[in-house]
Amino acid sequence: MSKRREVPGIRPYDGPAGGWGALRATATAVRQQMESFEAPIVLMRTNQPTGFDCPGCAWPDKEHRSTFQFCENGAKAVTWEATTKRVTPEFFAQHTVSSLLAMSDYELEDFGRLTHPMAYDAATDKFVPVAWDAAFARIGEILRSYDSPDKVEFYTSGRASNEAAYLFQLFAREYGTNNFPDCSNMCHEPTSVGLPMSIGIGKGTVSLDDFDETELIISIGHNPGTNHPRMMGTLHEVARRNVPIIVFNPLRERALERFADPQNIIEMATYSSTKIASTYFQVKAGGDAAALKGIMKALLALEATQGNVLDRDFIATHTEGFDALAADLEATSWADIEKESGLTRDELEQVAVAYAKSNATIVTYGMGITQHNTGTANVRLIADLLLMRGNFGKPGAGICPLRGHSNVQGNRTVGITEKPSEDFLKRIENVFGFTPPHGHGHDAVKAMQAMVDGSSKALICLGGNFAVALPDPDLCFPAMKTLDLSVHLGTKLNRTHLLVAKETFILPVLGRTELDVQATGPQSITVEDSMSMVHASAGRLKPASAHLRSEPAIVAGMAQATLPASKVDWQSLVDDYDRIRNLIERTVPGFDDYNTRIRVPGGFRMPLPPTERKWDTPSGKAIFSVFKGVRENYEPWADDVLRLITIRSHDQYNTTIYALDDRYRGVFGRRDVLFMHPNDLAAHGLEHGDLVDIETISSGRALRLTGITVIEYNIAPGSVAAYYPEANVLVPLDYIDEDSGTPSYKSIPVRVLRSAQPVEAGATPAAASAATPAATLAAS
Ligand SMILES: Nc1nc2c(c(=O)[nH]1)N[C@H]1C(S)=C(S)[C@@H](COP(=O)(O)OP(=O)(O)OC[C@H]3O[C@@H](n4cnc5c(=O)[nH]c(N)nc54)[C@H](O)[C@@H]3O)O[C@H]1N2
Ligand SMILES: Nc1nc2c(c(=O)[nH]1)N[C@H]1C(S)=C(S)[C@@H](COP(=O)(O)OP(=O)(O)OC[C@H]3O[C@@H](n4cnc5c(=O)[nH]c(N)nc54)[C@H](O)[C@@H]3O)O[C@H]1N2
Ligand SMILES: [Mo]
């Protein structure tokens, strides 16, 4: 590589992921957010049998056995919540909403924990304190004023507990709507939709034990060093057993290359690390379907030449649709596969050979697979690949979607879905004695579209940062302001709270880490991890303020005020969460003896029929899919289209920005960058450090992000990457996977142009990036 010009905040990171850098970063997170004497105790209680579930990610724990599973980003998630900073009524008295909107997402959350229920006062453009009962009464009054309950949207972010989510859906369904937009609609919905079609259930099928027995891992489109850090311990163990790990990712992610396990004394003492990926394929963004088809096509060829490659017995006994898949693979040309995936036939044949050799394979995947307009079809192709060699229902094998929020899977299990099953609705009717609505409601994109077209009037958010997480803020932010009512249950202030409706309430909740005492004493909540393990979580910290209420208590408060003739005894459920769990047990299959089983450390596993080779599909068999061509239902990309990926930095949790570094990718103190391959830089006549504008290629409104610094990066040619949520201005709201409704956040067709702004490149002040483009946008 030729000598590059110096760009502020951009320096290559040469070390492994993890290691001493991770320990140092943890110490910094603690120092910035917490009183240091409390921090060690709090962190020790994360993911322990008697502690709380880590709000960081949904990766399970090894039987909650280690003394302390160290995790840098788990520590950040915990200290961010357990911070000693506070957002009080005095704070709100000093700041108008307009002035807060001009601040960055990072600054807003960094002000600290919300302490009092607040109501928006349009006359002063400020939030003012409100009594809990007055807030509930007014919310109830507005909700009761609508002629149709479908004018209200009930949003859930996946940090909510099973108990809170269950009460939330009960409230909305008794009120009369199935409008349940949730974060999963922007995330793993293609898994929830695609896997039931293939294997009869929308969940992963592996457990941690399977990683001890697996012979091959294929890791596609996820970045565990940042997003599922506790998974790195598992991958590290697997790699040290010399089990091949084949990675498909357009970006070279350091943790997938080399990792030093902070729990490993020798690695730490000797500054050594372990190689994680045995082979690393830099597939083009959106090119996974072509790559997967290439591997399967090569597998068929191997079967033809050497035999014994497919699990013929399994295919005959347990599946249907194989011949159609085989015929389609036959008809797909290598030329198309190579062009679309950016990988060679030879490379994909190597993967097929490794796969044919392995007696037990796990495929892990994340947002790199789901956030495309072919997301659901992509997920089904992964299932197809596994089905071809019977990699379900045997030790060491299966499919492993890496879930997002710590309880996003549990929320879905207990009824947060806009398309409830008839069986579930019947149980609700039998147990509670009201008739729930049967029609399908809105998912996240449809909810926002209904707000944009004016048909939805109110939004109640159980956590999250709805408007910032969704695409196209230019369209969505103004729509928020046309609502009659928005209500936010949250721990920290964010931009969605500030996009005020005619009336807006911010209702502060107890966090996971905090003690929750109700009439019958301290309560615990339950969550379900990525591997369908349900377990209890109980916070111990003194609440951030005496005025906080628990999520179940707030949902119950709104329900009582909205539904005077409710069939549900809300107060008794809040008094003792065991009673909520008893109701979940009576209405959702799989929760037998719920209250007994969560009292066993480690909890219990929800039913997973594919692990016993049982398939809950209409025919009782697992079903192969057919993915036509290499871009199913879409035109192949034109040669000059760049494919934009939006990604998370190492110092962020979704829309929460902890700090401005992305250590492993060598970006420090800024987020206003575009990652680009050197060949693409050259083809565009650009240099590392130049200022560019990015433009979405779409037939609709012009979508642009300006004044971004382009940097040279080891990314697949033709693919570029920028940070979420800043780059959401480039994602059209209706650019979705039609099967699941999930926005295509990872394959936006864009054009990159030298910036019209005549700023001297290389002189970009790092501080300028503190105000995100989204902030600038909101202020304008
Ligand atoms: N610390 C931290 N932890 C988190 C989160 C967080 O923001 N911060 N978020 C939580 C949530 S809600 C979720 S959903 C998960 C997200 O966890 P991940 O699924 O890891 O999500 P991303 O970081 O968005 O992107 C994943 C990876 O996909 C790659 N990729 C992009 N496009 C493609 C493609 O077309 N093909 C392939 N093969 N790869 C591609 C990117 O280079 C990146 O490495 O993490 C959860 N855990
Ligand atoms: N461009 C682009 N957009 C994306 C993505 C992407 O990869 N690219 N990823 C998508 C994905 S995978 C997801 S999951 C969504 C995330 O969408 P959301 O889940 O809506 O967003 P978060 O940023 O996780 O929400 C953060 C807020 O949650 C609140 N909060 C935190 N803890 C608690 C709690 O315990 N209780 C309550 N009530 N509130 C709490 C705080 O107020 C905080 O400000 O974003 C999606 N948007
Ligand atoms: Mo997510």
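Residues numbered from 1 in each chain as written. Chains lettered and ligands numbered in written order. Predicted model: local features only at pLDDT ≥ 70, side-chain atom pairs only at ≥ 80, totals over all residues. Heavy atoms only, no water.

Per an unreviewed UniProt entry, the recorded name for the protein chain is CbbBc protein, and the organism is Pandoraea captiosa. The annotation that UniProt attaches to the protein chain under Sequence similarities (unreviewed entry) is "Belongs to the prokaryotic molybdopterin-containing oxidoreductase family." (UniProt positions renumbered as here; feature names shortened; annotations may be inferred.)

**Details of the overall build of the protein chain**
From N to C terminus, the protein chain includes 33 helices and 31 strands. C-alpha extents for the protein chain along the principal axes are approximately 75 × 65 × 55 Å. Within the protein chain, the proportion of its 780 residues that are buried is 66%. Relative to all contacts within the protein chain whose residues are 6 or more apart in sequence, the contacts with residues 24 or more apart total 79%. (Helix = DSSP H or I, 4+ residues; strand = E, 2+ residues; numbered from the N terminus. Buried < 20%, exposed > 50% of the residue type's maximum accessible area, 1.4 Å probe, protein only. Contact = heavy atoms within 4.5 Å.)

**Some thoughts on the site of ligand 1**
Surveying the vicinity of ligand 1 reveals 31 residues, the closest of which are Glu-253, Asp-288, Arg-648, Gln-652 and Asn-654. Compared with its free state, where it exposes 920 Å², ligand 1 has 99% of that area covered by protein. Contributing elements (two or more residues each) for the shell around ligand 1: α11 (224-227), α20 (367-370) and β25 (652-653). Here the shell around ligand 1 is built from residues that sort into 10 nonpolar, 17 polar and four charged. Two domains each donate at least three residues to the shell around ligand 1, and these are domain 2 (188-401) and domain 3 (642-754). (Near = heavy atom within 4 Å. Areas by Shrake-Rupley, 256 points an atom, 1.4 Å probe, with all protein chains shown as cover. Nonpolar A, V, L, I, M, F, W, Y, C, P; charged D, E, K, R; others polar. Domains from an automatic or database assignment.)

**Structural notes on the packing of aromatic side chains**
In this description, a pair of aromatic rings is defined by centroid distance and the angle of the planes. One pass over the full model with this rule turns up 22 aromatic pairs. With a centroid separation of 5.6 Å and 85° between ring planes, the pair formed by Phe-91 and Phe-92 is classed as edge-to-face. Note on Phe-675 and Tyr-723: the rings are 5.7 Å apart at their centroids and 85° apart in plane angle, and the pair reads as edge-to-face. In this pair, Phe-675 sits in strand β27 (residues 673-676) while Tyr-723 sits in strand β30 (residues 719-723), placing the two residues 48 residues apart along the sequence. Taken individually, Phe-675 and Tyr-723 each receive the classification buried, so the pair is uniform in this respect. The rings of Phe-91, Phe-92, Phe-111, Tyr-120 and Phe-127 are connected pair by pair, giving a single aromatic cluster. In this arrangement the basic side chain of Lys-492 is found over the ring face of Trp-80, its NZ or CZ atom lying 3.8 Å from the centre. One residue, Arg-597, lies across the ring of Phe-604, its end atom 3.9 Å from the ring centre. (Phe/Tyr/Trp six-rings, centres within 6.5 Å; stacked < 30°, edge-to-face > 60°. Lys NZ or Arg CZ within 6 Å of the ring centre and 35° of its normal.)

**Describing the domain arrangement of the protein chain**
Taken domain by domain, the protein chain comprises domain 1 (86-186 + 407-605), domain 2 (188-401) and domain 3 (642-754). Centre-to-centre separation of domain 1 and domain 2, based on C-alpha positions: 36 Å. At the interface, 12 residues of domain 1 touch 13 residues of domain 2. For the pair domain 1 and domain 2, the summed buried surface comes to about 890 Å²; carbon and sulfur atoms form 38% of the total. When residues of domain 1 are sorted by the area they lose upon contact with domain 2, Ser-184, Met-531 and Arg-605 head the list and together hold 45% of the total. At the junction of domain 1 and domain 2, the tally comes to two salt bridges. Put simply, Glu-528 and Lys-203 hold a salt bridge, and the shortest N to O gap is 2.9 Å. Summed over the shared surface of domain 1 and domain 2, the result is eight residue pairs in polar contact (both at pLDDT 80 or more). Ranked by the residues each element gives to the side of domain 1 that touches domain 2, the list is headed by helix α22 (residues 408-413), at three residues. Tallied by class, residues from the side of domain 1 that touches domain 2 come to two nonpolar, six polar and four charged. (Buried area = accessible area lost by both parts, 1.4 Å probe. Salt bridge = Lys/Arg side-chain N within 4 Å of Asp/Glu carboxyl O. Polar contact = N/O pair within 3.5 Å; in protein donor to acceptor, adjacent residues only side chain to side chain.)

**Description of the UniProt feature "domain: Molybdopterin dinucleotide-binding" (unreviewed entry) in the protein chain**
As recorded in UniProt, the sites labelled "domain: Molybdopterin dinucleotide-binding" (unreviewed entry) are residues 642-748. For the annotated span residues 642-748, helix accounts for 6% and strand for 33% of the residues, and the straight-line distance between the end C-alpha atoms is 8 Å.

**A word on the side chain of Thr-361**
As for its placement among the helices and strands, Thr-361 is situated in strand β13 (residues 361-365). In this view, Thr-361 contacts Thr-214, Leu-216, Ile-218, Tyr-355, Leu-386, Asn-391, Gly-396, Ala-397 and Gly-398; residues no more than four positions away in its chain are not counted.

**What to know about the side chain of Glu-726**
Looking at the element boundaries, Glu-726 is found in the loop between β30 and β31 (748-754). Judged by its relative accessible area of 4%, Glu-726 is buried. Within the local environment of Glu-726, its side chain forms a polar contact with the side chain of Arg-671, the two groups lying 2.6 Å apart.

**Description of the environment of Ala-479**
Along the chain, Ala-479 turns up in helix α26 (residues 473-481). Residue class for Ala-479 comes out buried when judged on its relative accessible area of 4%. Between the C-alpha atoms of Ala-479 and Asp-453, which are 26 residues apart in sequence, the distance is 8.2 Å. Apart from residues lying up to four places away in sequence, Ala-479 is in contact with Met-448, Met-451 and Val-452.

**Focus: the sheet that holds strand β17 (residues 503-508)**
Taken together, the six strands give an open sheet; going across it, the order is β5-β4-β17-β16-β15-β6, and neighbouring strands pair in mixed fashion. This sheet does not close on itself; its edge strands, each paired only once, are β5 (126-129) and β6 (152-156). In this sheet, adjacent strand axes meet at a mean angle of 20° when their direction is disregarded. Where strand β4 (residues 118-121) and β5 come together, four bridges link them in antiparallel fashion. By the bridge assignment, Asp-121 is partnered in β5 with Lys-126. Sitting on the sheet, helix α28 (residues 551-562) touches β15 (458-462), β16 (485-490) and β17, and the angle it makes with β16 is about 155°. (Pairing = 2+ DSSP bridges. Axes fitted to C-alpha atoms, helices over the stretch in contact; angles between N-to-C directions.)

**Focus: the pattern of salt bridges**
Taken as a whole, this structure holds 38 salt bridges when the rule is applied. A salt bridge links Arg-665 to Glu-253; the shortest N-O distance between them is 2.9 Å. Separated by 412 residues along the polypeptide, Arg-665 in the loop between β26 (656-657) and β27 and Glu-253 in the loop between β8 (245-248) and α13 (254-257) bring together distant segments of the chain. Each member of the pair Arg-665 and Glu-253 is classed as buried.

**Overview of the site of ligand 2**
Close to ligand 2 lie 32 residues, the nearest being Glu-109, Tyr-155, Glu-551, Thr-655 and Asn-728. Here Glu-551 contributes a side-chain N or O atom positioned 2.5 Å from a nitrogen atom of ligand 2. At 2.5 Å, a side-chain N or O of Thr-655 approaches an oxygen atom of ligand 2. Burial of ligand 2 by the protein chains amounts to 97% of its free accessible area of 930 Å². Listing elements by their share of the shell around ligand 2, those giving two or more residues are α25 (466-469) and β16. Each residue belonging to the shell around ligand 2 can be placed in one class, and the counts come to 12 nonpolar, 14 polar and six charged. Residue contributions to the shell around ligand 2 reach at least three from each of two domains, namely domain 1 (86-186 + 407-605) and domain 3 (642-754).

**Overview of the UniProt feature "domain: Molybdopterin oxidoreductase" (unreviewed entry) in the protein chain**
Look at the UniProt record and you will see "domain: Molybdopterin oxidoreductase" (unreviewed entry) annotated at residues 113-472. Secondary structure over residues 113-472 splits into 49% helix and 13% strand, and the C-alpha atoms at its two ends are 28 Å apart.

**Focus: the packing of helix α8 (residues 162-175) against helix α23 (residues 422-432)**
To describe two helices that pack against each other, one gives the angle between their axes and the distance between the axes. It is at 12 Å that the axes of α8 and α23 come closest, and there the two elements cross at 80°. Our classification of the angle between α8 and α23 gives roughly perpendicular. In this structure, α8 uses Tyr-166, Gln-169, Leu-170 and Arg-173 to contact α23, whose residues at the interface are Phe-424, Leu-425, Ile-428 and Phe-432. (Parallel < 35°, antiparallel > 145°, perpendicular 65-115°, else oblique.)

**Considerations on the pairing of β16**
Among the six residues that make up β16, six are buried, leaving the element largely enclosed by the rest of the structure. Along β16, one buried face is formed by Leu-485, Val-487 and Leu-489 and the opposite face, lined by Ser-486, His-488 and Gly-490, is buried too. Here β15 runs beside β16; their pairing, made up of five bridges, is parallel. When the bridges of β16 are listed, Cys-461 appears paired with His-488.

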